[in-house]
Amino acid sequence: MFKIGIDLGYGEVKGINENGRRVLFPSLVGLGHDRNSDLFGTDAESMDALHVKIGDEDYFVGNLARKESLAGASVTLEANKINLPETRVLMATAAALLLPQGIMPVHLATGLPLEEYESQKAEFHRYLNNFIATVQFLGGPMQGETRTVRFLDVTIIPQGLSAMQLALYDNNKPKFDEVARPGNLFALIDVGFRTTDFAVVEIGQNKRPMLRKELCGTANVGMSSIYRPLQQAFNKMTGRILEERHIPRILEEGKMFFRGKEIDLRDGIRKARAQVAREIRNRVLSAWKSEADLIRRIFLAGGGGEALVDHLADLHPVIDLLDDAQMANARGYLEAARMKEGREAAAKVGEK
Ligand SMILES: Nc1ncnc2c1ncn2[C@@H]1O[C@H](COP(=O)(O)OP(=O)(O)OP(=O)(O)O)[C@@H](O)[C@H]1O
Ligand SMILES: [Mg+2]
């Protein structure tokens, strides 16, 4: 089957297919309108011009939604995303971008936050098994093309565990000596846009990782927590209110023009990051308590992991930022889909 891994984050949608093609766009959806006059300066085939028609409705997705929507696209921040109409648009768009031309059976692997896994897994499975959407691209890298999205097989994994698998094993082979030693503890901290997931596994007698549930959790703190202190810093400097939609660009550039004058927000950004990192550290350590000292290695994932790695150094002496950290879950999902198909193939051979 054609395998794809999709990580629907609160901040950004990340996806990868078995050919290595990747997609990444902000989790924003707005109602589409005629763009004739608006696309000034934007390449109609760039990811900043994602415009799709699904059924009879057309939508702006990602950065185009941020820029163009009349009502102002907002980041969806509800805990149960399954029933939101935006989820359908984001999932359909991401999957369509990852599908090659032609009809073929697709295996989707995706995840749910650890804390919602048990309660939402069955419902999410049903939702994805019944998922069907025809996506027509009116703009973006697949402009002019159409894909029908449906999933013949669906794998749902607790978020973080797939990234952990990726950190510890290479094709089922342990990457570190410690992984082969029963009793050793490893942790993963995934700093996202709205949430930070943390998980701990213990290597079992069979050398497989077992989840230590009492040391896992989700804290409602992430890169979006930087917004408030940054807005306060801006307000202090200018007396004005900084709108949320300008923040991603300011975070990238560190500076902005305000009333013709360039203002430098780098110090405010640094302080806001340090503050969020402290909050994450406190939340994680208060869940781990003295067990924290027994952990061999902590892996850091998520876009926030990349942003905060320097500020989180004092959390533990051995803390590794995963390569390609923001994509770690999506890559882990794809790997899980591969492993599942491998197991199924092996079982079939066994039956014969
Ligand atoms: N290299 C980087 N440096 C700084 N910031 C980054 C980097 N990469 C990504 N980010 C930012 O990190 C934030 C979190 O990214 P990520 O994609 O992990 O969140 P998410 O998975 O959407 O959120 P959640 O896990 O809460 O659902 C994004 O807002 C992104 O802009
Ligand atoms: Mg995430």
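In the annotation of an unreviewed UniProt entry, the protein is listed under the name StbA family protein and assigned to Heliomicrobium undosum.

Trainee: Tell me about the overall build of the protein, and name the residues and values.
Mentor: Assigned secondary structure in the protein consists of nine helices and 20 strands. The C-alpha atoms of the protein give 21 Å as radius of gyration, which agrees with the globular expectation for 352 residues (20 Å, within 12%). Overall, the C-alpha framework of the protein stretches about 65 × 50 × 30 Å when taken along its three principal axes. Expressed as a percentage of the 352 residues in the protein, the buried residues total 50%. For the protein, long-range pairs separated by at least 24 residues make up 65% of all intrachain contacts whose partners lie at least 6 apart in sequence. For the protein, the accessible area works out to roughly 17300 Å², and carbon and sulfur atoms hold 47% of it.

Trainee: Could you give an account of the site of ligand 1, naming the residues involved and the relevant values?
Mentor: Near ligand 1 you find 17 residues, and of these Y10, K14, F193, G303 and E306 are the closest. Taking Y10, its main chain carries an N or O atom lying 2.7 Å from an oxygen atom of ligand 1. Taking Q326, its side chain carries an N or O atom lying 2.8 Å from an oxygen atom of ligand 1. For ligand 1, whose unbound accessible area comes to 650 Å², protein coverage reaches 78%. For the shell around ligand 1, the elements supplying multiple residues, two or more each, are strand 2 (12-17) and helix 8 (303-308). With four residues, the top contributor of residues to the shell around ligand 1 is helix 8.

Trainee: Report on the UniProt feature "domain: Actin homologue MreB-like C-terminal" (unreviewed entry) in the protein, specifying residues and quantitative values.
Mentor: Mapped onto the present numbering, the UniProt feature "domain: Actin homologue MreB-like C-terminal" (unreviewed entry) falls at residues 188-313. Spanning residues 188-313, this segment combines 38% helix with 26% strand, and its end C-alpha atoms are found 14 Å apart.

Trainee: Summarise the packing of helix 4 (residues 161-168) against helix 9 (residues 328-351); cite the residues concerned and give the values.
Mentor: Put simply, helix 4 and helix 9 touch, their axes get as near as 7 Å, and they point 80° apart. On the basis of their axis angle, the class for helix 4 and helix 9 is roughly perpendicular. Contact residues: helix 4 offers S162, A163, Q165 and L166, while helix 9 offers A328, N329, R331, G332, Y333, E335 and M339.

Trainee: Give a description of the domain arrangement of the protein that names residues and reports values.
Mentor: By the assigned domains, the protein splits into domain 1 (2-158) and domain 2 (159-321). Placing the centre of domain 1 and that of domain 2 at their C-alpha centroids yields a distance of 25 Å. A buried area of about 1300 Å², summed over both sides, lies between domain 1 and domain 2, and 60% of it is on carbon and sulfur atoms. Contact with domain 2 buries surface across domain 1, with R66, L114 and P158 losing the most and accounting together for 39% of the total. There are zero salt bridges connecting domain 1 and domain 2. Those elements that place two or more of their residues in the side of domain 1 that touches domain 2 are helix 3 (114-129) and strand 10 (153-158). Ranked by the residues each element gives to the side of domain 1 that touches domain 2, the list is headed by helix 3, at three residues.

Quick notes on the rules
- Residues numbered from 1 in each chain as written.
- Chains lettered and ligands numbered in written order.
- Predicted model: local features only at pLDDT ≥ 70, side-chain atom pairs only at ≥ 80, totals over all residues.
- Heavy atoms only, no water.
- Helix = DSSP H or I, 4+ residues; strand = E, 2+ residues; numbered from the N terminus.
- Rg over C-alpha atoms; globule rule 2.2 N^0.38 Å.
- Buried < 20%, exposed > 50% of the residue type's maximum accessible area, 1.4 Å probe, protein only.
- Contact = heavy atoms within 4.5 Å.
- Areas by Shrake-Rupley, 256 points an atom, 1.4 Å probe, with all protein chains shown as cover.
- Near = heavy atom within 4 Å.
- Polar contact = N/O pair within 3.5 Å; in protein donor to acceptor, adjacent residues only side chain to side chain.
- UniProt positions renumbered as here; feature names shortened; annotations may be inferred.
- Axes fitted to C-alpha atoms, helices over the stretch in contact; angles between N-to-C directions.
- Parallel < 35°, antiparallel > 145°, perpendicular 65-115°, else oblique.
- Domains from an automatic or database assignment.
- Buried area = accessible area lost by both parts, 1.4 Å probe.
- Salt bridge = Lys/Arg side-chain N within 4 Å of Asp/Glu carboxyl O.

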